[in-house]
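Listed below, chain by chain, are the residues.
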Amino acid sequence: MALKALDIYKLLPKKNCKECGDPTCLTFAMKLASGKGDIEKCPYLDDHAKSVLGASTKPPVRKIKIGVGERAFVVGEEFVQFRHEKTFYHPPGIMVSVSDTQTKPEIEQIVTNVRDYVLTRIGMDLRLNGIAIRNDSNNPEQFGTAVSYAEGCADLPVVLMAGTLAAAEAGLHECGNYRPIVHCATRENYREYCSLTKKSGAVLAIRAGTPDEMAELSTLCTEAGQDALLLDLSSRSLRQFINDSTIIRQHAITRTTPSLGYPVFYDATIPDNADAALVLGILKYGAVIVIGPPTRPSEKALLTLRQNIYTDPQKPIQMTAGLYRVGNPGKDAPVLMTVNFSLTYFTLQGYLESSRVSCYMLIVDTEGLSVLTAVAAGKLNETMVRDAIKKYGVENEVSHRTLIIPGYASPLSGRIEEETGWKVLVGPRDAAEIGEYLETEWKA
Amino acid sequence: MTLQTQNIWNGRIGTVTIGADRAHGGTRTLQYTLGGEQDLAAVGPGATQQRPLIAAEICDDPGIWSPIVNTFMGDTVNDTAGWAGTMESEYHPDIVRLHLTSTRKRNFKDFSGIPETVSGVLKSTGLPLIIEGSNDPSIDSEVYQKCGEASSGERVLLGTAEAGRYRSIAAAAMAYNHCIIAQSPIDINLAKQLNILLKEIGVPYDRILIDPYTGALGYGFEYSYSVMERIRYAALKGDQDLAMTMISAAPDSLNIREVREARDDETDRTAATWEFYTAFSAVIAGASIVCVRHPLAIPLLKSAIDSIWPHSAGREA
Amino acid sequence: MKNVEASIKSGNESLKTKISELAGDLGYEETAYHLPVTYALTGNAVKNADDARSAYQRTGENPFVACECYTASVTAENGKEPAPFTGFLPDADLRKMGYSLVDGSILGLALVAGSPPGADVVAGICRELQEKYMLTFLAGDVVGTLAGSGVKVGAEYRLVPLGSTPLRGIHFVDIIARVAMMFGGVSPGDPDRLISYARERAKAIVIVFPGLNDEEIAFIDALSILGIPILSMGGYEGGNWHLATPENVVREGMDQKGIKVTVTAIPIPMGCSPAFEGKSIRKEEMHVEFGGGRTPAFELLRVRPAADVTDGKITVIGPEIEDVPQGSALPLGIIVEVAGSAMKKEYEPVLERRIHNFVNYGEGSWHVAQRDLVWVRLSKEAVSKGVHIRHIGTLIAAKFRIDFPNLLDAVQVTLITDEQKVKSALLEAQKVYRERDQRIKDLRDTDVDLFYSCTLCQTFAPNHVCIITPERPALCGAITWLDGKTAFEISPSGANQPVPKGEVIDATTGEFEGVNRFVKKASHGEVERCCLYSIMENPMTACGCFECIAVMLPETNGFMIVTREFKGLTPSGMTFSTLAGTIGGGAQTPGFAGVSKNFILSDRFLQAEGGIERLVWMPGQLKEELSERLLKKLSDSGRQEFFDRIADETVTTTIEDLMDFLAKVHHPALDMPALI
Ligand code: SF4
Ligand code: SF4
């Protein structure tokens, strides 16, 4: 059971000395309670406090950084089983696999795509994260060479799917300082892998048949000094993956089996159905997921799904406020005002585009609230609309002075008219009806 | 020691039967009983898990249907019954979902056309049906009466009841012994409220499926995903008013930019992939029926579902 | 004049004889329910005279069984009666009928039997039944009388002529029996379920004219077992038959069965929709205005006994629109009188507030504020289209009926525009406002057994449950106990549910057994205990839309409060939004609570921790806003000086300076028992 802020406060030195970087001990306690604080930051903690707090305030799933530089990413540090309980914090790293039996240009082509591919959605740049190099040749030297090809063309985080210690060593020789993931240690060889990866600061993926065995193996590894671990469940069926991954997440967050408190590694290329495995990896707690080179449709869909699932459910995604064009709007094109809740924006935009009426969308910043909630909460009002019209120069874009507002914003129509001097038309409540609405109601 | 999942459940999902075969007074070649689960989707012992079903969506007026599907299917879309038959024989969905899009036309009056369309589809496919009636309250009464009567005995799933308008659909379900879809706008409490309203006018819980409304992937899907998880969670925790099976369809999927603007040679694949990602995620969140429009999404889903639920547990031959 | 009791006796005797004389086969086609009434009562399919006799015996000589078997045998012998009579209706027709009942396009069923004294009377009654969406069945002479008056009969006119004799009214019963079996899950052979279904669900009434013979009286009287009210148009005495007049018979019957007509259309010459809610009417656009400081005006909603309210009646006392020139100002009193068996006095203020929305729904009508501060305008455009002052009344009355169908049966509106009369009515109204304020103010948590919950915020805080009590309004400030109560009554399956207090576990911390039970269930098992008057121990969860956050400041042994509006850093070291981010989402965080502004003034606020004197800091704006009421509360207990001991941002926003300040002013919290 996680400690509450005041329980933590009681254990703090209560000096309010600010050395932790927070203005009061209470603030520090709140941070610890939400798993976001670091007990090391308070220099005055006594041993008792440290031991109590250490166990209960560090994230139940260990935070692990993979790779270095711009494309490094963090996984773990998760607190919940369902995203609606709070949120999922760190989206899984998607690692695209290459084989050491491929030629240099083949490898480079895949690596370059991972390096350069960006999907921009809702103001976020979504990317694939890294490369997994597979030892298919069974030849450490060839494996090392393949790693060097990948390293040669991009500073991407990598997984060394080495299979053997010798290959792992050869791979680490090429990229050892860049915090790669070494895959994978088992009960039989964990000592060697631990010492190998510890030396270079690499992350170690470990593989065991069941959650029980996994818990044992991870304990052995930490005892051997390696605690940058990922738990690999890859070898199992889709259903087994869901079950095991759920067990691991639950035991971690309830802290009942702390040795399972590590991020999950999933090789989604093993099951027959790669797309399905990938979806499961994203939904069910995968933290590092290995996939084959994706098709373009899959690439987009998987990045979008990951963005959706890792959106903070309590913080709706927001659009940047502004004036957006749909089609080629002219001086007499309709202007539709709506809020910056992304779902509202995109739904409306979709219907506008398919209605083929060129128009302007005036997006007002309601902190990401939907129209209904924004109106109710007073987050959408006439002055904001007036300011937005001014700020985004709507009066220069169109020659008329008529604004269409969402159906749910109708309580504001009069005040908007007064404040802006524009004529206000109340549009439909359901975006799906906008096409028909414009057809019948719109006259500039 | 064997580590287990730790959720403690004290409820189970209620069952619902869709379709009626000859032994049960209908003409379907098979019927399904869904529900009965006692854990999260795909978690726990396999015996309590039903295989989720795939519904292929078609319509009787392709004018407002996705141009991608229309192009892919060609002329078939102008022959509703033929379309249903083609879906069954070529793509093998579990259910056909017929949208009576013709009723969306302004001043729709052709009520007598509805029974014709419905019986045509019933003849051309042996699969259980979902029938989506009007979405205009002023014609609901007549449309649903016709839908219900025309499919009498077949235990179809009628859609879609909402909080403001559920009486006609409920009436049709009760009068002609069908099941209904109860849709609420991504809100667990409204979902529950609608179920209670339906119960109050006499629709038994074993005839209701919850449709929590599914936003397209990238366009609000995360809300739908979570609300499905929450409904399933509440049901397993013992909330009887939410313990129905769920149906998920993302009606806007093929209308979003990513799909519309895909390269010409990738349009179909993109459409199918997008539907697959959405529908399969919905299955994992707890949906028992997932609906898609692009035929190519069906084999993708089938193979994914088969690999998790190899037994066709939902079927009664 | 027929004596009902005596007739029943002899009627049943002669029915018995009829049964004993039955012969041959009986049965209907196009039904799966055989002779439906008999089948429903006994579970047996009657196929011939012997079956009929045994069913009659088994049911204790039930008159329905007798009528049904007899009628079936007559039909078997002579064939169906000629058109327009329908005789027995096939199952397929019944499904459609049942559909319309569930669907709401038919509100109920009526049977009209007997020999009406004249065509006009029965035609009037039938027309009223049609207008009220009743499906009416006719049996006996009524059919002929009606036809003579030119009223069209037939299913499409919702007037179904069953047969030429009143006994053919048995089909009315077989319809109810089949509806019970088809839609109500009543299994054949379960008479108790059948009767309770008919009593609770079947919305049916019977209207009888004079002229029935004994058998027919026995048959009609049996309907009362099914809970069907029998309304007599005269000619009968005794029995449980209600004498009615042609004018009131339909309303009486529908009232007795609780059948309510829903209003859908609003007959006024202007548009009416929420879409117009925000449309304001500028001075130049206005034809006439009321109140707003220029003239006296008020609005008042009262509940009245049903007999005193005529639904839809609108009265204007004083000048109408044509009596005043454009641009003038008139006084206005809006008095809305409502009746409804579920309506209670406590709901008055909540409903009264809806007047504002309703008037604004009108395309050319506009309304601001409430009570005696109202300000109403009608636009030139609307008036030119024919809108009158009385239409404001029509609009209000109709909207109330549409929006509160289960609560209100009748609404009448009086609009006073005569200055003297407004002024005197205003005094009355002000008295009512004062009484209401007093009543809400005086209501204590100990006065009630039920609190109310709100789970609206579970959309984003899945396990959050608000418990709303008379003294603790919802943390968002939007919902009082009364609002919760009203919302529940109006929509019993909505987000506000009653929470029985149950045993008091601890009166000081405000822990109640019933509340705990409710919260545990509604939070899906996440929250086990909830102390309503404590912030340190098991406080209420916080969703995110709280008006204020109360935060324990350990250093001060007291609490600070920060409002949503206050953007700066507080002595806790955190801003409102940082605090909100950490404690929101539906979690229980001891030491932190979401509260509404009004709750701060309640004696229950911080009751477990020692009361308002724990308060050490709040934003100046809040202090200002609460000052009058807070000062009064403090001075009532002789603690006025405490007000200045509460610091605000002009004193400090750091904990260190706050400590100095508290020491300087000898803040009482410093000497209170330690909080942790
Ligand atoms: S460093 Fe420690 S003692 Fe100082 S303010 Fe932070 S928590 Fe308190
Ligand atoms: S904060 Fe207000 S709206 Fe939200 S649950 Fe509580 S009472 Fe309901």
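None of the values given here were measured: they were computed from a predicted structure.

### Quick word on the pattern of salt bridges
Between side chains of opposite charge, a pair can form as their charged atoms come close. Under the counting rule described, the total for this entry stands at 68 salt bridges over all chains. The shortest N-O distance in the salt bridge between E229 of chain B and K284 of chain A comes to 4.0 Å. Of this pair, E229 of chain B sits in helix 7 (residues 221–236) while K284 of chain A sits in the loop between helix 10 (274–283) and strand 12 (286–291), placing the two residues on different chains. Between R325 of chain A and E397 of chain A there is a salt bridge whose closest N-O contact spans 3.2 Å. Here E397 of chain A lies in helix 15 (residues 394–397) and R325 of chain A lies in strand 13 (residues 322–326), a separation of 72 residues in the sequence.

### Some remarks on unusual backbone geometry
Following H183 of chain A, the chain continues into C184 of chain A via a peptide bond in cis, with omega recorded as -5 degrees. Locating C184 of chain A in the fold gives a position in strand 8 (residues 181–185). Along the chain, A83 of chain C connects to P84 of chain C via a cis peptide bond; the corresponding omega equals 5 degrees. Among the secondary structure elements, P84 of chain C is positioned in the loop between helix 4 (63–78) and helix 5 (91–103). Positive phi outside glycine occurs at R155 of chain B, with the angle close to 40 degrees. Position of R155 of chain B among the secondary structure elements: in the loop between helix 4 (137–150) and strand 6 (157–161).

### Quick look at the packing of helix 9 (residues 238–253) of chain A against helix 10 of chain A
Residues and elements named next belong to chain A. For the pair helix 9 and helix 10, the least separation of the axes is 10 Å and the interaxial angle reads 5 degrees. Considering the angle they form, helix 9 stands roughly parallel to helix 10. Facing helix 9, whose interface residues are L238, F241 and I242, helix 10 presents A276, A277, L280 and G281. Considering only residue class, the contact of helix 9 with helix 10 consists of six nonpolar, one polar and no charged.

### Observations concerning the interface of chain A and chain B
Taken together, the contacts link 53 residues of chain A with 49 residues of chain B. Summing both partners gives a buried area of about 4600 Å² for chain A against chain B, and 55% of it is carried by carbon and sulfur. Here chain A and chain B share 20 residue pairs in polar contact (both at pLDDT 80 or more) between them. Every element with two or more residues in the side of chain A that touches chain B is listed here: helix 8 (211–223), helix 9, helix 10, helix 11 (296–309), helix 12 (342–355) and helix 17 (434–441) of chain A.

### Examining the environment of T556 of chain C
All names here are of chain C. Tracing the sequence through the fold places T556 in the loop between strand 22 (548–553) and strand 23 (558–563). Residue class for T556 comes out buried when judged on its relative accessible area of 0%. Spatially, the C-alpha atom of T556 lies 86 Å from that of P210, the residues being 346 residues apart in sequence. Beyond its immediate chain neighbours, meaning those up to four positions away, T556 contacts V616, I655, L658, M659, L662, A669 and L670. Here the side chain of T556 touches L553 through a polar contact of 2.9 Å, landing on its backbone oxygen. A polar contact of 2.9 Å, which involves the side chain of T556, links it to the backbone nitrogen of G558.

### Observations regarding the sheet that holds strand 12 (residues 328–330) of chain C
Strands in a sheet are paired, the pairing made by backbone hydrogen bonds, and the direction either parallel or antiparallel. Residues and elements named next belong to chain C. An order of 12-9-15-14 is seen for the four strands of this open sheet, with the pairing classed as mixed. The open sheet has two free edges, formed respectively by strand 12 and strand 14 (365–368), since each of these has just one partner strand. This sheet shows a mean twist of 20 degrees between the axes of neighbouring strands, independent of strand direction. Bridge analysis of strand 9 (residues 286–291) against strand 15 (residues 375–379) gives five bridges, and the strand direction is antiparallel.

### Here we look at the packing of aromatic side chains
Residue and element names in this part refer to chain C. For the coordinates displayed, the defined rule picks out 28 aromatic pairs over all chains. Their ring planes at 55 degrees and their centres at 5.1 Å tell us that Y236 and W241 sit as a pair that is tilted. For Y236, a relative accessible area of 8% corresponds to the buried category. Arranged with centres 6.0 Å apart and planes meeting at 50 degrees, the rings of F358 and Y361 form a pair that is tilted. Of the two residues, F358 and Y361 both sit in helix 13 (residues 354–361), three residues apart, roughly one turn of that helix.

### Description of the interface of chain B and chain C
Listed by partner, the interface residues are 25 residues for chain B and 20 residues for chain C. The largest share of the area that chain B buries against chain C comes from A175, N189 and R230 of chain B, three residues that together contribute 25% of it. Applying the counting criterion to the chain B and chain C interface returns one salt bridge. Viewed at the interface, chain C and chain B are joined by eight residue pairs in polar contact (both at pLDDT 80 or more). For the side of chain B that touches chain C, the secondary structure elements donating two or more residues are helix 4, helix 5 (167–176), helix 6 (188–200) and helix 7 of chain B. With eight residues, the top contributor of residues to the side of chain B that touches chain C is helix 5 of chain B. In terms of residue class, the side of chain B that touches chain C is built from 12 nonpolar, six polar and seven charged.

### Brief notes about the domain arrangement of chain C
All names here are of chain C. Once the domains are mapped, chain C shows domain 1 (2–256), domain 2 (279–438) and domain 3 (445–671). Domain 2 and domain 3 are separated by 37 Å when their C-alpha centres are compared. With eight residues of domain 2 at the contact, the number on the domain 3 side is six residues. Broken down residue by residue, the surface that domain 2 buries against domain 3 is led by E346, Y347 and V350, which jointly contribute 56%. Where domain 2 meets domain 3, there are three salt bridges. With its nearest N and O atoms 3.4 Å apart, the salt bridge here joins R353 to D483. In this assembly, domain 2 and domain 3 are joined by two residue pairs in polar contact (both at pLDDT 80 or more). In terms of residue class, the side of domain 2 that touches domain 3 is built from four nonpolar, one polar and three charged.

What counts as what
Residues numbered from 1 in each chain as written. Chains lettered and ligands numbered in written order. Predicted model: local features only at pLDDT ≥ 70, side-chain atom pairs only at ≥ 80, totals over all residues. Heavy atoms only, no water. Salt bridge = Lys/Arg side-chain N within 4 Å of Asp/Glu carboxyl O. Helix = DSSP H or I, 4+ residues; strand = E, 2+ residues; numbered from the N terminus. Axes fitted to C-alpha atoms, helices over the stretch in contact; angles between N-to-C directions. Parallel < 35°, antiparallel > 145°, perpendicular 65-115°, else oblique. Contact = heavy atoms within 4.5 Å. Nonpolar A, V, L, I, M, F, W, Y, C, P; charged D, E, K, R; others polar. Buried area = accessible area lost by both parts, 1.4 Å probe. Polar contact = N/O pair within 3.5 Å; in protein donor to acceptor, adjacent residues only side chain to side chain. Buried < 20%, exposed > 50% of the residue type's maximum accessible area, 1.4 Å probe, protein only. Pairing = 2+ DSSP bridges. Phe/Tyr/Trp six-rings, centres within 6.5 Å; stacked < 30°, edge-to-face > 60°. Domains from an automatic or database assignment.

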